[in-house]
Amino acid sequence: MNTEPTYVENTINFTLLFSQIRKKWYLFLICFLIIIPVALLFVKFGEKKYDAYGSVLISKQEFGSVGTDQVLVDDNRIIERSIILQDEIKRLNSFDLIHEALNTLDFGITYYTVESFWPDFLKESWLNETYHALPIDVVLDSSQVQLVGALVHLSIDESNNVTVRVDAEKSSIHNLATNQKVAEVEAVSFEETTKIGEPFSNEYLAMQIVPTSEVQPVGDYYFKISTSTSLANKYQDLLVAQPASTAAKAAPVESRVVNLSIETPIPEKGVTFLNALINTYISKDVQNKNQKGVTTVAFLEKEIAIIGDSLKKARSSFGEFRNKNNIVDLAQGKLLGLNKQNELEVEQSELENRLAYYKRTSRSLRNEGSLVTPSAAGISDRAFEELVMEHIALNARAKRALNYNNADNPLVNQIEQQLTILKGAISDNLDNAITTTQTNLRSVNRRLGQINSQVKALPDNEQEFDKLDRDVAYYQEKYDYLIRKKADSELALATNLPDVEIVDSVKISPEPVAPNGKLILMSALFLSLVLPFGFIVPSMFFGDNLVNKSDIEDHAEIPMLGVVSNGPKAGGLVAKSMPNTSVAESFEYIRINLQYYFRERNNQVIGITSSVEGEGKTFCATNLAWTFAEAGQKTLLIGCDFRRPKVDKYFKNDTLYGLANYLEKGFEIEKLFRPSSSPNLDIIFSGFSNESPIKLLEKPSLRELIERVKSEYDQIIVDTPPVGLVADYLILEQFFDLTLFVVRNNYTDRATIKGINEIQRKNQIKNLNLVLNGASSSGYGYVQSKSSYYRESASLKSRFKLS
């Protein structure tokens, strides 16, 4: 039972690998000579980037102006805010803040220079950005539209003539004053001239080039116009804002320091941008405080005006009553019951105010309105005060989170859940407070009714006088309180301070952070060593060509009789011309193996074939025949390849007689044998005939010839056509005692070996042995062409499909 052989194709043969490395050493040299100079060029002239960095501290306490809900708190304590650092980082990295910061800078035009030694076709690829370092400035006319995103080339000569050149595939035209796109431009190409200091204008640009120094601005300069939106997007991508605690592995407390950094090719621009960003962030914080302070003062002024009117009316009523009734002092004669009545009325008023506040707060809570603290309503309830303050703070956090995060942010959802829970607690507290207040109010009303009946005996004017006196005292106290709070708020507004502090001022890294020269050179060296393996190893695993003896031994099922070293490029009869070389010694080795192989027989017929042309069968046949002859054995070399005879090229053939002529026409057999320069070697050349080679080889006269020469020669070497292309060899095989199948190093493919294995398993050719040709690492070979044996091409995959 025949089984498919197992081919070793997915393991690394290190001996073979090292052999291929030695053979293809030039790949390593080529990669080294290309990659290393490119890496050095990039390190030398590549755009260098520096790291600009700084840090700010965000305070947890709010200094300065506060809201109206906090200004009416009586304890005058510093309010501690609930800071979420990620929200503040989001604000620092927000598009709006960056856009506002960039609007204070002159980054709208980016300038470039180029080294003069670069050729023209490389100049635009090796531009170097610069900032405030050119002897010119480009001043744009903001009233005109401008070409945005396209590289503009300025070439200035000694006469201050400026050539303006633009060649861009795609760009856009913007109105920079309104930051609106006017049109898209598929391709822009123009070249116009102007002078320094003179206005320049066309359908794409409107500008003026002005000198910035007395230096003559001769040379090539480039610039590009950017919109504020594109700049903000660019710097938003470049900015890195992260909490300082991420740098420390074990922070004992939560850090509120935010580190800011940006990589930039121009250190001055990086420092300028970060300073502008920090200043804008601080300015926005103070601006928000000022707005809050102005709102608070305006609220207090409105309340003071209302209470002032009420106080004025109360005083007027009190004065009119005294004058009308000639009352000077009621202190004497007041009864204890009247004092009690006053106390109960005060308590009644407080309870009514408290009940009204609780009901109003309950309605605001149900209708999602704003809550007012009890202290703002003149009510003292510490527990409820803390709940309302917590609700106001949490609601403010929710609004800030929605401003800088989308609604699906988990933080927003978490705050909303906390608000829901807090609303439930406030609602329960309100219900209990309303019930308790109503109970207390009914009790006070009942007691007050009792007291009223007791003081009915008092004169009516005394009761009215006492009531008016209480009204004046109440409004006076309220008025004084609001005046004091207004003064505090105005002082806070006048002395507002930011809640942000600069910890580290913006600095620049002393060395470039990119490109990393050491890393690039190490990577280039590694790549120059690894890249050749990308050519060598895949060819070992996936290439069809066999590589060396060990590879053939891994695939072939037939014995290897010998290995022929790679000969000179010209080939030829190397056993004669170069007898002391390794290739000549290879044929001596094969001759000795053949003698041991057939020790019991003297007369041997050896057929030599291959799979395709170019594997060296004729080379092996002629040199092996010469080797046998020089060893003293009478040898005959027969050329049986009638289609493309090549034995003639190795020996001088001055006769028209050949085997094909003999088999076609017949003549004296002695005319076939041609002597060589070796006394022991005779040759029968292939000859030429128009008759079919197969018909010639099937003639009985060929058998008669073979039988005759076997008795006259010690060794008979037959050069045959390739077995993989024609059927000639299968006719000749009956005359052979041994067949040598020639395969060539790095030429014969694995499909050939599979075909030979199939022939061996079917026993179609007896005594089949392999000879590996060209098995050295010199890199030379005597055959350079893989052309088909015939004009018709044959698939290498199907050349062994024998019927």
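Our subject is the structure that appears above.
Predicted model, so just to flag it, every value in this text is computed and none were measured. (Residues numbered from 1 in each chain as written. Predicted model: local features only at pLDDT ≥ 70, side-chain atom pairs only at ≥ 80, totals over all residues. Heavy atoms only, no water.)

Visitor: Please explain the nonpolar core as it appears in this structure.
Guide: Nonpolar side chains in soluble globular proteins tend to be buried together. I638, L659 and F673 are the most contacted members of the largest nonpolar core, which has 40 residues in total. Residues in contact with L659, not counting those within four places in the same chain, are I638, G639, C640, F642, L672, I684, F685, S686, G687, L702 and L705. By size, the runner-up hydrophobic cluster in this structure holds 32 residues, among which are V564, F598, I608 and F628. (Core = buried A, V, L, I, M, F, W, Y, C linked by side-chain atoms within 4.5 Å. Buried < 20%, exposed > 50% of the residue type's maximum accessible area, 1.4 Å probe, protein only. Contact = heavy atoms within 4.5 Å.)

Visitor: Would you explain the sheet that holds strand β11 (residues 180–185) in this entry?
Guide: Hydrogen bonds along the backbone pair up the strands of a sheet, which may run parallel or antiparallel. Spatially, three strands are ordered β7-β10-β11 in an open sheet, and the strand pairing comes out antiparallel. Of all the strands in the sheet, the pair left with one neighbour each is β7 (146–148) and β11. Averaged over all adjacent pairs, the angle separating strand axes in this sheet is 35 degrees, with direction ignored. Sheet topology note: the β7/strand β10 (residues 171–175) ladder contains three bridges and is antiparallel. By the bridge assignment, L147 is partnered in β10 with I173. (Pairing = 2+ DSSP bridges. Helix = DSSP H or I, 4+ residues; strand = E, 2+ residues; numbered from the N terminus. Axes fitted to C-alpha atoms, helices over the stretch in contact; angles between N-to-C directions.)

Visitor: Got a minute to help me understand the packing of helix α5 (residues 95–102) against helix α7 (residues 228–238) in this structure?
Guide: Angle between the axes and distance between the axes: these two values describe a pair of packed helices. Their axes nearest at 9 Å, the elements α5 and α7 cross at an angle of 120 degrees. Here the hand of the crossing between α5 and α7 comes out right-handed. Of the residues in α7, those touching α5 at F95, I98, H99 and L102 are S228, T229, L231, A232, N233, Y235 and Q236. For the contact of α5 with α7, a count of residues per class yields six nonpolar, five polar and no charged. (Left-handed = near helix turned anticlockwise from the far one by under 90°. Nonpolar A, V, L, I, M, F, W, Y, C, P; charged D, E, K, R; others polar.)

Visitor: Honestly, the pattern of salt bridges in this entry has me stumped. Any pointers?
Guide: Any two side chains of opposite charge can pair if their charged atoms end up close together. Taken as a whole and judged by the stated rule, the model has 18 salt bridges. For R591, the salt bridge goes to E588, with nearest N and O atoms at 2.9 Å. With a gap of three residues between them, R591 and E588 both fall in helix α16 (residues 582–597), about one helical turn apart. R591 gets classed as buried once you look at its relative accessible area, which sits at 12%. Accessibility expressed as a relative area gives 27% for E588, which makes it partly exposed. (Salt bridge = Lys/Arg side-chain N within 4 Å of Asp/Glu carboxyl O.)

Visitor: Just checking my understanding: could you explain empty space enclosed by the protein for this structure?
Guide: If a probe the size of a water molecule is rolled over the atoms, the empty space left behind becomes visible. Here the structure, examined in full by the defined rule, presents three cavities of 30 Å³ or more. Taken as a whole, the second largest cavity spans an internal volume of roughly 40 Å³. What lines the second largest cavity is F587, I590, I608, C620, L624, L740, V742 and V771. Among the elements of the structure, α16, α17 (617–630) and β25 (738–744) are those that each provide at least two residues to the lining of the second largest cavity. Looking at the lining of the second largest cavity residue by residue, the classes come out as eight nonpolar, no polar and no charged. (1 Å grid on protein atoms, 1.4 Å probe; cavity = no way out; pocket = protein on both sides within 12 Å on 5 of 7 lines; lining within 4 Å. Points joined across faces, edges and corners; volume = space filled by probe spheres on them.)

Visitor: Explain the sheet that holds strand β22 (residues 674–675) to me, please; I cannot follow it from the model alone.
Guide: Taken in spatial order, the eight strands of this open sheet run β19-β26-β25-β20-β24-β21-β23-β22, and their pairing is mixed. In this open sheet, the two edge strands, each paired with only one partner strand, are β19 (560–564) and β22. Of the strand pairs in this sheet, β25 and strand β26 (residues 768–773) are connected by six bridges, and their pairing is parallel. What sits directly across from V742, in β26, is V771. Lying on the sheet, α17 is in contact with β19, β20 (604–610), β21 (635–639), β23 (681–684), β24 (715–719), β25 and β26; it crosses β24 at an angle near 165 degrees.

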